[in-house]
Amino acid sequence: MTPTAKDPWLLTPGPLTTSKATKEAMLRDWGSRDAQFIETNARVLRRLLDIAGAADTHVCVPLQGSGTFAVEAALGTLIPRDGKALVLINGAYGQRMARILDYAGRDHKVLETPEDTLPGLGDLEAALKADAAITYVLAVYCETTSGILNPIEDIARITAENQRRLIIDAMSAFGALPFDAAALPFDGMMASSNKCLEGVPGMGFAILRRAVLEQCQGNAHALSLDLYDQWTAMEKNGQWRFTPPTHVINAFDRALDQFDAEGGAAGRHARYAANCKILVDGMRGLGFETLLADELQAPIIVTFKMPADGKFDFQAFYDALGSRGYVIYPGKLTVAPSFRIGCIGQLGASEMKGALKAITEVMKEMDVESGAP
Ligand SMILES: *Cc1c(COP(=O)(O)O)cnc(C)c1O
């Protein structure tokens with residue numbers, strides 16, 4: 001949509017292609033106490049709360065770093081040291097939350113299903129009924145490992161009905177998939193400046209229930225990851241505790257202007273869904289198979305099974321697409337050899353069609369007739 005001469009199109013789970021306007025918002029330096037920067041920072045946090053429909057009940061606390069930093073900080077801040085979590089896992093990001101709890105020394109159980117399978121809602125309910133010590137349920141909204149869309153509203157409902165608290169990794173969902181705090185009872189959700197909000201990478205954030213966060217002093221196991229401390233300090237003077245990613249925040253503000261102009265999450269969902277349809281239809285036309293049935297597929301990133309043809313060499317395929325300006329992503333799955341192509345970022349129909357044309361050419365070059373697994 002806004003090609004700069006040599007930059008590749010990133011059809012990946014992140015970092016993602018950003019618009020020229022977003023990149024141009026970084027062509028300045030700001031001091032951390034600069035009044036204009038403090039105002040921009042406050043505006044970005046307000047806008048994120050509004051997108052989540054959470055302005056009356058929650059606060060938004062930002063953190064330097066990639067999305068994982070915000071996940072690690074939110075889990076350590078919200079879950080008391082004597083708390084216990086149940087982690088729903090069907091991919092690498094659910095696994096990562098369990099690892100974070102290991103590091104933080106928080107007791108937890110996991111409820112794991114294969115990467116192409118939704119968590120069992122009956123199993124969730126049974127696990128909660130079986131263990132009264134569990135205080136928190138941790139779930140991933142779109143598990144980017146496969147692109148599967150987890151049933152977050154059902155998970156939220158069952159968690160609330162059983163009087164437990166919910167923390168959502170909404171990293172690859174927020175800004176494109178429906179998200180409304182009024183319909184989705186949660187204590188914490190984490191996302192980042194990159195992914196569906198199409199800012200540049202470098203900042204994560206957590207949207208946390210205010211009444212719960214107020215009780216979280218002393219929970220965190222690391223100063224730099226203490227979102228209670230980050231929140232109370234920012235409430236006092238509007239400033240970050242440690243060097244803020246000033247350029248990232250200014251770019252984020254500009255990216256959110258474009259998000260609004262596109263019609264918010266509904267508009268963005270429509271573009272990503274159109275991207276996804278072009279991609280999946282085109283790939284199926286070349287014989288490729290998706291890992292997931294269409295009803296499990298979020299329009300975020302699509303996993304394709306590796307073709308069976310012995311002449312197909314993934315590294316050569318990847319490199320040849322890269323030299324044509326399209327970056328795809330290897331698979332991370334245990335259930336099947338695979339690769340992934342993303343639908344998110346500043347990409348539209350012409351980029352998806354361009355990627356398909358490049359894939360068709362590279363298949364010809366490799367003398368692979370079909371992408372069938
Ligand atoms: C991208 C992503 C993250 C964060 O990954 P980083 O590499 O730390 O930005 C976490 N969870 C999900 C579901 C993601 O897609």
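Overview of the structure. Here the structure is a predicted model, which means the values were calculated and not measured.

Quick notes on the nonpolar core
Step number 1: Counting residues in each nonpolar core, the largest one holds 56 residues, and the members touching the most others are Ile168, Phe174, Phe179, Phe205 and Ile207.
Step number 2: Looking at which element gives the most residues to this core, the answer is helix H9 (residues 246-261), with six residues.
Step number 3: Here this core gathers at least three residues from each of two domains, domain 1 (9-14 + 264-366) and domain 2 (20-260).
Step number 4: When near neighbours in sequence (up to four residues on either side) are disregarded, Phe179 contacts Ile51, Ala52, Tyr141, Ile168, Ala170, Phe174, Leu184, Phe186 and Met189.
Step number 5: Residues Val87, Leu101, Tyr136 and Leu213 belong to the second largest nonpolar core, which totals 32 residues.

Points about the environment of Val71
Step number 1: Its place among the elements puts Val71 in helix H3 (residues 67-78).
Step number 2: With 120 residues separating them in the primary sequence, Val71 and Ala191 have C-alpha atoms 8.0 Å apart.
Step number 3: Beyond its immediate chain neighbours, meaning those up to four positions away, Val71 contacts Met97, Ile100, Asp169, Met171 and Met190.

Quick word on the packing of aromatic side chains
Step number 1: Considering all chains together, one arrives at 15 aromatic pairs under this definition.
Step number 2: Considering the side-chain rings of Tyr141 and Phe179, the 6.4 Å spacing of their centres and the 40 degrees angle between planes classify their relative orientation as tilted. Linking Tyr141 in the loop between strand S5 (136-140) and strand S6 (142-143) with Phe179 in the loop between strand S8 (165-169) and strand S9 (188-192), this pair joins segments that are 38 residues apart in sequence.
Step number 3: Tyr141 sits in the buried class, given a relative accessible area of 5%.
Step number 4: Looking at Phe179, the relative accessible area reads 9%, which means it is buried.
Step number 5: Ring centres 5.3 Å apart and planes at 70 degrees place the aromatic pair Phe179 and Phe186 in the edge-to-face group. Residue Phe179 shares its accessibility class with Phe186, and that shared class is buried.
Step number 6: Among the aromatic residues, those joined into a cluster by ring pairs are Phe288, Phe304, Phe312, Phe314, Phe317, Tyr318 and Phe339.

Structural notes on the site of the ligand
Step number 1: Close to the ligand lie Ser66, Gly67, Thr68, Tyr93, Arg96, Val140, Cys142, Thr144, Asp169, Met171, Ser172 and Lys195, which account for all nearby residues.
Step number 2: The separation between a nitrogen atom of the ligand and a polar side-chain atom of Asp169 is 2.6 Å.
Step number 3: Relative to its unbound accessible area of 380 Å², the ligand is 85% covered by the protein chains.
Step number 4: Elements with a contribution of two residues or more to the shell around the ligand: H3 and helix H4 (92-104).
Step number 5: Residue classes in the shell around the ligand are distributed as four nonpolar, five polar and three charged.

So, the pattern of salt bridges
Step number 1: Using the criterion set out here, one finds 26 salt bridges in the structure.
Step number 2: Ionic pairing is found between Glu198 and Arg268, a salt bridge with its closest N-O pair at 3.8 Å. Of this pair, Glu198 sits in the loop between S9 and strand S10 (203-209) while Arg268 sits in helix H10 (residues 264-285), and the two are 70 residues apart along the sequence.
Step number 3: For Glu198, a relative accessible area of 4% puts it in the buried group.
Step number 4: Take Arg268: its relative accessible area is 1%, and that puts it in the buried class.
Step number 5: When the shortest N-O distance is used, the salt bridge between Asp229 and Arg241 registers 3.0 Å. With Asp229 in helix H8 (residues 227-237) and Arg241 in the loop between H8 and H9, the pair connects residues that are twelve residues apart, well separated along the chain.
Step number 6: A relative accessible area of 29% places Asp229 in the partly exposed class.
Step number 7: Taken together, the shared-partner salt bridges connect Glu39, Arg43, Arg47, Asp253, Asp257 and Asp260 into one network.

Thresholds applied
- Residues numbered from 1 in each chain as written.
- Predicted model: local features only at pLDDT ≥ 70, side-chain atom pairs only at ≥ 80, totals over all residues.
- Heavy atoms only, no water.
- Core = buried A, V, L, I, M, F, W, Y, C linked by side-chain atoms within 4.5 Å.
- Buried < 20%, exposed > 50% of the residue type's maximum accessible area, 1.4 Å probe, protein only.
- Helix = DSSP H or I, 4+ residues; strand = E, 2+ residues; numbered from the N terminus.
- Domains from an automatic or database assignment.
- Contact = heavy atoms within 4.5 Å.
- Phe/Tyr/Trp six-rings, centres within 6.5 Å; stacked < 30°, edge-to-face > 60°.
- Near = heavy atom within 4 Å.
- Polar contact = N/O pair within 3.5 Å; in protein donor to acceptor, adjacent residues only side chain to side chain.
- Areas by Shrake-Rupley, 256 points an atom, 1.4 Å probe, with all protein chains shown as cover.
- Nonpolar A, V, L, I, M, F, W, Y, C, P; charged D, E, K, R; others polar.
- Salt bridge = Lys/Arg side-chain N within 4 Å of Asp/Glu carboxyl O.

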